Amino acid sequence: MPNPNAAGVYAISVAAELVGTGQQNLRLYERRGLVEPGRTEKGTRRYSEDDLVTLRRIAELLGQGLNLSGIRLVLALESENRALRAKLSRRAAAPGAVPRRTRNYTGAAAPR
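Since the model is a prediction, treat every value here as computed from it, not as a measurement. (Residues numbered from 1 in each chain as written. Predicted model: local features only at pLDDT ≥ 70, side-chain atom pairs only at ≥ 80, totals over all residues. Heavy atoms only, no water.)

Asker: Got a minute to help me understand the overall build of the protein chain in this structure?
Answerer: What the protein chain contains, in helices and strands, is four helices and two strands. In the protein chain, the succession of α and β elements from N to C terminus is α-α-β-β-α-α. Looking at the protein chain alone, contacts between residues at least 24 apart form 45% of all its contacts between residues at least 6 apart. (Helix = DSSP H or I, 4+ residues; strand = E, 2+ residues; numbered from the N terminus. Contact = heavy atoms within 4.5 Å.)

Here's what the structure looks like:
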C-alpha cells in the first residue's frame, strides 16, 4: 500500500516556510543527499509530509551541533533502525513465530 505521506505536494517556498528555514538550505540539503524531494515533469521540486519530517529532524540535529555529514549518518542509522524494527515486527506477527533469544549490548543473553 502506497504511503500517502510520501507524495510531493509542497513547493520549495512553502516547505521552507513550514519548517522555518530558507530555500537555499533546502537546496543544500538535497545536494548533500539529506533529502530527495519529488519532481514534477518540468523538474520543479515537490516536498512531501515525509520530507518535512526529515527537514525538521535536520533542523533539530543542527541545533544540537551536528554538521551535515554527521546528520547524514544519523539519518541513515535511524532509517536502518526503523527498517530492522519493522522486519522484527513482521517476523513476530507471522503465524507460528517462535520468540528468539537476543543478546543485549553486553553480549549476555537477554532475559525472557
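Asker: I'm lost on the packing of helix α3 (residues 49-63) against helix α4 (residues 68-93) in this one. Help?
Answerer: For any two helices packed against each other, the geometry is given by the interaxial angle and the distance between the axes. Two numbers describe how α3 lies on α4: the axes approach to 10 Å, and their chain directions differ by 130°. Taken together, the axes of α3 and α4 lie oblique to each other. Remark: the crossing between α3 and α4 carries right-handed chirality. In this structure, α3 contributes Thr54, Arg57, Ile58, Leu61 and Leu62 to the contact, and α4 contributes Leu68, Ile71, Val74, Leu75 and Glu78. Tallied by class, the residues present in the contact of α3 with α4 amount to seven nonpolar, one polar and two charged. (Axes fitted to C-alpha atoms, helices over the stretch in contact; angles between N-to-C directions. Parallel < 35°, antiparallel > 145°, perpendicular 65-115°, else oblique. Left-handed = near helix turned anticlockwise from the far one by under 90°. Nonpolar A, V, L, I, M, F, W, Y, C, P; charged D, E, K, R; others polar.)

Asker: For this particular structure, what's the right way to read α3?
Answerer: Residues separated by three or four positions in an α-helix point in the same direction, a consequence of the helix having 3.6 residues per turn. The first and last C-alpha atoms of α3 sit 21 Å apart over 15 residues, in line with the 21 Å expected at 1.5 Å per residue. Of all the positions in α3, only Asp51, Leu52, Leu55, Ile58 and Leu61 are classed as buried. Turning to α3, the residues buried within the fold contact α1 (12-19), α2 (23-31), β1 (38-39), β2 (45-46) and α4. Of the residues flanking the start of α3, the one acting as N-cap is Ser48, its side-chain oxygen 3.3 Å from the backbone nitrogen of Asp50. Phi for Gly65, located one or two positions after α3, is positive at around 100°. (Expected span 1.5 Å × (residues − 1). Buried < 20%, exposed > 50% of the residue type's maximum accessible area, 1.4 Å probe, protein only. Polar contact = N/O pair within 3.5 Å; in protein donor to acceptor, adjacent residues only side chain to side chain.)

Asker: For this particular structure, what's the right way to read the nonpolar core?
Answerer: Side chains of nonpolar character tend, in soluble globular proteins, to be buried together. Grouped together as the largest cluster of nonpolar side chains are 16 residues, with contacts concentrated most on Leu26, Tyr29, Leu34, Leu55, Ile58 and Ile71. Those elements that provide at least two residues to this core are α1, α2, α3 and α4. In this structure, Leu55 is in contact with Val19, Leu26, Tyr29, Val35 and Tyr47, ignoring residues within four places of it in sequence. (Core = buried A, V, L, I, M, F, W, Y, C linked by side-chain atoms within 4.5 Å.)

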